[in-house]
Protein chains: 2
Amino acid sequence: MRWLEVDTRNCSVQAALDIVGQKWSLLIVRELFNGVHRFDEIQQHIGISEAVLARRLRELRDADLVESREYREPGSRTRREYRLTASGLDLFPVVIALLNWGDKHRAPNAGGSWQVRHRECGEQVAAVVTCPAHPATPLDHRHTVTNAGPDAIAITPGHGSEAD
Amino acid sequence: MRWLEVDTRNCSVQAALDIVGQKWSLLIVRELFNGVHRFDEIQQHIGISEAVLARRLRELRDADLVESREYREPGSRTRREYRLTASGLDLFPVVIALLNWGDKHRAPNAGGSWQVRHRECGEQVAAVVTCPAHPATPLDHRHTVTNAGPDAIAITPGHGSEAD
């Protein structure tokens, strides 16, 4: 099948962007990954209105990316804190891929303002595209083919490769 | 430094989203990765207005993610086609990470409507987070630490690890 014949309503990239492509959604996810879980702290750090943050959090919760629970500190009223669900945590490669790209192509200061490192060895992590048969080989678009691409090469899975 | 003390205007994720977080931008990038380069074909396949597509393409061009060139087929007027630049092609891990996430969490039909496979072996590719010292070890958020996280663990780069 040619890519132009694919009904894009069934595209997983599009389905993902329907929720995480909303303005501010991935910045909220970034805050949660970085350990900021309280409404007012997220709001102040991102710099968005309460109304927009409340709406986005509701959407992320409805889509099962975020869950909330109530907590109360002594002498304060009950508040909510927000955590990524398993589905939200699976956005880690998306966030790291954006961080890497921004560091390389958009960083105001070289290297960007924050780094994510492997806890064990201290090296900076990167989101790389690999296949399960060649986990240590980073692939770019030239090494891949889609089943709906313009050349739509028929692939026989598992025929192996000595080339890499 | 705690994450809340980081000025998010210097965040590379935010800088990346300033351009690719615009509605439709990553869907245009998806079309270009899939070999669709002509304005009218992109427009019809995504299903957006000419005006919006023209604006997004201009923004992507101004940001050096897309370049265009003129071409003319016999008997037709001169048209433009659009290609990803090196900087645009570096978005490959972002697109694959979104595709993987959508396949897993949002696919209308199991597995989604298109797959990207390693040209050499036919296995489906995935965007995984790794570090250069452990290229074959997929990492999740629990394996990483940021220099601006809530616990802000001091990392001495290169102290090595036998743990993984």
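All figures in this text were calculated on a predicted structure; none of them were measured in a lab. (Residues numbered from 1 in each chain as written. Chains lettered and ligands numbered in written order. Predicted model: local features only at pLDDT ≥ 70, side-chain atom pairs only at ≥ 80, totals over all residues. Heavy atoms only, no water.)

Undergrad: Got a minute to help me understand the overall build of chain A in this structure?
TA: Summing up its helical and strand segments, chain A has six helices and six strands in all. When its helices and strands are written in sequence order, chain A yields α-α-α-α-β-β-α-α-β-β-β-β. Per-residue burial for chain A yields a buried fraction of 48% across its 164 residues. For chain A, the share of sequence-separated contacts (at least 6 apart) that also reach a separation of at least 24 residues comes to 45%. With an accessible surface of roughly 7800 Å², chain A has 46% of that area assigned to carbon and sulfur atoms. (Helix = DSSP H or I, 4+ residues; strand = E, 2+ residues; numbered from the N terminus. Buried < 20%, exposed > 50% of the residue type's maximum accessible area, 1.4 Å probe, protein only. Contact = heavy atoms within 4.5 Å. Areas by Shrake-Rupley, 256 points an atom, 1.4 Å probe, with all protein chains shown as cover.)

Undergrad: How should the interface of chain A and chain B be read in this particular structure?
TA: Accessible area lost upon the coming together of the parts serves often as the stated size of an interface. Taken residue by residue, the interface counts 97 residues in chain A and 97 residues in chain B. For the chain A and chain B pair, buried surface summed over both sides reaches about 8500 Å², with 63% attributable to carbon and sulfur atoms. When the buried surface of chain A facing chain B is broken down by residue, Trp3(A), Trp101(A) and Arg119(A) rank first, second and third, together holding 9% of it. With a shortest N-O distance of 2.8 Å, Asp90(A) and Lys104(B) are connected by a salt bridge. (Buried area = accessible area lost by both parts, 1.4 Å probe. Salt bridge = Lys/Arg side-chain N within 4 Å of Asp/Glu carboxyl O.)

Undergrad: Is there a simple way to explain unusual backbone geometry in this structure?
TA: Leaving glycine aside, a negative phi is the common case for residues, and trans is the common case for peptide bonds. All names here are of chain A. Positive phi, normally seen in glycine, also occurs at Asp64, with a value near 65°. With respect to the helices and strands, the residue Asp64 is situated in the loop between α4 (50-62) and β1 (66-71). Classification of Asp64 as partly exposed rests on a relative accessible area of 47%.

Undergrad: Looking at this structure, I do not really get the confidence of the model for chain A. What am I missing?
TA: For residues with low pLDDT, the predicted coordinates do not support detailed interpretation. Residues and elements named next belong to chain A. For chain A, mean pLDDT is 86; residues scoring 70 or higher make up 87% of the total. Mean pLDDT across the secondary structure elements of chain A bottoms out at strand β6 (residues 144-146), with 89, and peaks at α4, with 97. Under a pLDDT of 50 for its full length, residues 150-164 has, in the predicted model, 26 contacts with residues more than four places off or in other chains. Model confidence for the complex is summarised by a pTM of 0.88, with the ipTM given as 0.88. (pLDDT = per-residue confidence, 0-100.)

Undergrad: Looking at this model, I keep getting lost on the relation of the copies chain A and chain B. Mind explaining?
TA: Between the two copies of this chain, the relationship is a rotation about some axis together with a displacement along it. Least-squares fitting of chain A to chain B yields an RMSD of 0.0 Å, with the transformation described by 0.0 Å of translation along the axis and a rotation of 180°. Expressed as a symmetry operation, the mapping of one chain copy onto the other fits a two-fold axis. Residue Ala136(A), judged by its C-alpha, is the member of chain A lying nearest the rotation axis, at 2.4 Å. (Least-squares fit on C-alpha atoms with pLDDT ≥ 70 in both.)

Undergrad: What am I meant to see in the packing of aromatic side chains here?
TA: Any pair of aromatic rings gets described here by the distance separating the centres and the angle formed by the planes. Residue and element names in this part refer to chain A. With the rule as written, the count across this model stands at four aromatic pairs over all chains. When the ring of Phe33 is compared with that of Phe92, the centres are 5.4 Å apart and the planes differ by 50°; the resulting orientation is tilted. You can see Phe33 sitting in helix α2 (residues 25-33) and its partner Phe92 sitting in helix α6 (residues 92-105), a full 59 residues away along the chain. With respect to burial, Phe33 and Phe92 carry one shared label: buried. (Phe/Tyr/Trp six-rings, centres within 6.5 Å; stacked < 30°, edge-to-face > 60°.)

Undergrad: Would you mind going over the state of the cysteines with me for this structure?
TA: Working definition: the covalent bond between the sulfur atoms of two cysteines is a disulfide. Across all of its chains, the model carries zero disulfides over all chains by this definition. With no disulfide of its own, Cys121(B) has Cys131(A) as its nearest cysteine by sulfur position, at a separation of 3.5 Å. On the basis of relative accessibility, which here comes to 3%, the residue Cys121(B) falls in the buried class. (Disulfide = S-S within 2.5 Å.)

Undergrad: Please clarify how the environment of Ile46(A) should be interpreted in this entry.
TA: Residues and elements named next belong to chain A. Take Ile46: it is sitting in helix α3 (residues 39-46). Distance in space between the C-alpha atoms of Ile46 and Trp24 is 8.4 Å, their sequence separation being 22 residues. Those residues in contact with Ile46 that lie beyond four places of it in its chain are Trp24, Leu27, Ile28, Arg30 and Glu31.

Undergrad: Looking at this model, I keep getting lost on α4(A). Mind explaining?
TA: Since the α-helix packs 3.6 residues into each turn, any two residues three or four apart lie on the same face. Residue and element names in this part refer to chain A. Compared with an ideal rise of 1.5 Å per residue, which puts 13 residues at 18 Å, α4 spans 18 Å between its outermost C-alpha atoms and is within 8% of the ideal. For α4, the complete set of buried residues consists of Val52, Leu53, Arg56, Leu57 and Leu60. One face of α4 carries all of its buried residues, which in axial projection span an arc of 130°. In α4, those exposed residues whose orientation departs by more than 90 degrees from the buried face are Glu50, Ala51 and Asp62. In this structure, the buried side of α4 is in contact with α1 (12-20), α2, α3, β1 and β2 (79-84). Phi turns positive one or two residues past the end of α4, at Asp64, with a value near 65°. (Expected span 1.5 Å × (residues − 1). Arc of directions from axis to C-beta.)

Undergrad: Quick question: what am I supposed to make of the pairing of strand β4 (residues 126-131) of chain A here?
TA: When a strand is regular, its side chains alternate between the sheet's two faces. Summarising burial for β4(A): five of the six residues are buried, a large majority. Where β4(A) and strand β4 (residues 126-131) of chain B come together, five bridges link them in antiparallel fashion. Bridge assignment links Val129(A) to a residue of β4(B), and that residue is Ala127(B). When β4(A) meets strand β5 (residues 134-139) of chain A, the two strands line up antiparallel, connected through two bridges. Each bridged residue has a counterpart across the sheet, and for Cys131(A) the counterpart in β5(A) is His134(A). Joining the antiparallel neighbours β4(A) and β5(A) is a turn of two residues. (Pairing = 2+ DSSP bridges.)

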